[in-house]
Amino acid sequence: MNHAPNTRQRLLHLLSDNAIHSGRELAEALGLSRSAVWKSLQELEKLGLSVHAVRGRGYRMPHPVEMLEPDSLNQHLHPATRERISSLEIHPCLDSTNTYLMQRARNGTGSCGQVCLADSQGSGRGRMGRSWLSPPGANIYLSVLWHFEDHAYLTGLSLAVGVAVARALVASSLTEVNLKWPNDILWQDHKLGGILIEATGTAHGGCQVVIGLGINRYLPPQLAERIDQAWIDLHRIQGRDMPARNVLIARILNEMIPLLVSYPRQGLAAWLDEWKTLHHWKGREVVLLQGERHIRGILQDISDQGLLILRSPDGTLHEYGSGDVRLQRSA
Ligand code: BTN
């Protein structure tokens, strides 16, 4: 486990109680000069976290912050989940948890069941080459490395993972969770999270898969302005009742790890019906974006293999395996 807490993380930790802390108190706690503290506060501001200066009294963080705590996380993991996790790493900051585990998969230093969490990501990645906004303190940036004996087992995996994540959110009292093909987690048409699955082959024909998940718990408004689609975070939906970060991560792993264990045996079939009940956009007029190609149609269903079925304007049905679905009015 990586505990190398840099100054910024330690400062964030001190401010995570949302109370006012004087510059002197922070400097003493961190063993730094007051100007060094001020510099670190500026760093947090640059990452989009506003720190309020309260005249004559000190500084306070006005929004929710919860540090990633291995003990708290472990406490909420089911024994069967813990058993299948080969290592659980928590990093203050990584470029991307997916990139980190993909590198390990490629250079042979990764292991099946390796879980990687970061408090923030410098170059978080989304699907289709997009970036994933990853400020510190509140959100979930999680990746899991898994080994499958056969590449074919990947069919529909991102859909099944979506169901697992939705279950964890529902268990956290979130209603109106929906899924958008292939791997967006929505709340009332707004994006709450996303899944990025990447794979690399092995010499024996099997594959190493990295399942990456980002969930918005709190996005600072000044940062979120950059997002080019309707978004939401748990804080805006549930306020103070939103699930604790460590608990939610444990709930997600408690769903995701058993899924990965059973997936080669059960495949998408075990998850498809539930996926369909969460399929919010069924029957809607959509456009499927595939690079330069924009395919219009009515979203009909999902095939047994997890392909998207669209009814085109001439009434014929077509299946698609990739792309980004948008509602026609917002396309
Ligand atoms: C998407 O909806 O486009 C997928 C977003 C996936 C984001 C997560 S955050 C953790 C992991 N690391 C990354 O760089 N990306 C995924």
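Residues numbered from 1 in each chain as written. Predicted model: local features only at pLDDT ≥ 70, side-chain atom pairs only at ≥ 80, totals over all residues. Heavy atoms only, no water.

Draft legend 1. Structural detail: the sheet that holds strand β14 (residues 324–327). Sheet architecture is open: 5 strands sit in the order β13-β12-β11-β10-β14, paired in antiparallel fashion. Lying at the two open borders of the sheet, with one neighbouring strand each, are β13 (317–320) and β14. For this sheet, the mean angle separating the axes of adjacent strands, direction not counted, is 50 degrees. Where strand β10 (residues 285–290) lies against β14, 4 bridges are found, and the strand directions are antiparallel. Counterpart to V286 in the pairing with β14 is L327. (Pairing = 2+ DSSP bridges. Helix = DSSP H or I, 4+ residues; strand = E, 2+ residues; numbered from the N terminus. Axes fitted to C-alpha atoms, helices over the stretch in contact; angles between N-to-C directions.)

Draft legend 2. Quick look at the packing of helix α7 (residues 157–170) against helix α10 (residues 245–266). Contact geometry of α7 with α10 gives a least axis separation of 8 Å together with a crossing angle of 145 degrees. Note that α7 runs across α10; the crossing there is right-handed. Residue-level inspection shows L157, A160, V161, A164, V165, R167, A168 and L169 of α7 in contact with α10, the latter providing L248, R251, I252, E255, M256, L259, L260 and Y263. Its residues placed into classes, the contact of α7 with α10 shows 13 nonpolar, no polar and 3 charged. (Left-handed = near helix turned anticlockwise from the far one by under 90°. Contact = heavy atoms within 4.5 Å. Nonpolar A, V, L, I, M, F, W, Y, C, P; charged D, E, K, R; others polar.)

Draft legend 3. Seen up close, the site of the ligand. As a structural note, the neighbourhood of the ligand is formed by 20 residues, with S96, Q121, R125, R127 and K191 the closest of them. Note that a nitrogen atom of the ligand is positioned 3.1 Å from one of the side-chain N or O atoms of T97. At 3.0 Å from a nitrogen atom of the ligand is found a side-chain nitrogen or oxygen belonging to Q121. Here the ligand loses 99% of its free accessible area of 410 Å² to cover by the protein chains. Sorting the residues of the shell around the ligand by element identifies α6 (97–107), β5 (140–148), β8 (190–201) and β9 (207–215) as the ones contributing at least two each. (Near = heavy atom within 4 Å. Polar contact = N/O pair within 3.5 Å; in protein donor to acceptor, adjacent residues only side chain to side chain. Areas by Shrake-Rupley, 256 points an atom, 1.4 Å probe, with all protein chains shown as cover.)

Draft legend 4. Highlighting the sheet that holds strand β3 (residues 87–94). Read from one edge to the other, the open sheet built from 7 strands follows the order β3-β4-β5-β9-β8-β7-β6, with strand pairing classed as mixed. Each having just a single partner strand, β3 and β6 (177–180) make up the two edges of the open sheet. Adjacent strand axes in the sheet meet at a mean angle of 20 degrees when their direction is disregarded. Where strand β4 (residues 114–121) and β5 come together, 4 bridges link them in antiparallel fashion. Along β5, the bridge assignment pairs Q114 with L145. α10 rests against β4, β5 and β9 of the sheet, and its axis sits at about 20 degrees to β5.

Draft legend 5. Main features of the nonpolar core. If you look at the biggest cluster of nonpolar residues, it comprises 67 residues, and the most contacted ones within it are L142, L157, L169, I185, I215, I252 and L253. When residues no more than four places from it in sequence are discounted, the contact partners of L169 are L174, V177, I185, L192, I215, L234 and L248. Within the second largest apolar cluster, 14 residues are counted, among which are L11, A27, M61 and M67. (Core = buried A, V, L, I, M, F, W, Y, C linked by side-chain atoms within 4.5 Å. Buried < 20%, exposed > 50% of the residue type's maximum accessible area, 1.4 Å probe, protein only.)

Draft legend 6. How the structure looks around the environment of A118. When you line up the elements, A118 lands in strand β4. By relative accessible area, which is 1% here, A118 ends up buried. Sequence spacing of A118 and L133 is 15 residues, and the spatial spacing of their C-alpha atoms is 13 Å. In this structure, A118 is in contact with L68, H91, L94, T97, Y141 and R245, ignoring residues within four places of it in sequence.

Draft legend 7. How the structure looks around the pattern of salt bridges. Taken as a whole and assessed by the stated rule, the structure comprises 14 salt bridges. The partner of D184 in a salt bridge is K180, and the shortest N-O contact between them spans 3.3 Å. Classification of D184 as buried rests on a relative accessible area of 4%. A single network of salt bridges, built from pairs that share partners, joins R127, R130, D324 and R326. (Salt bridge = Lys/Arg side-chain N within 4 Å of Asp/Glu carboxyl O.)

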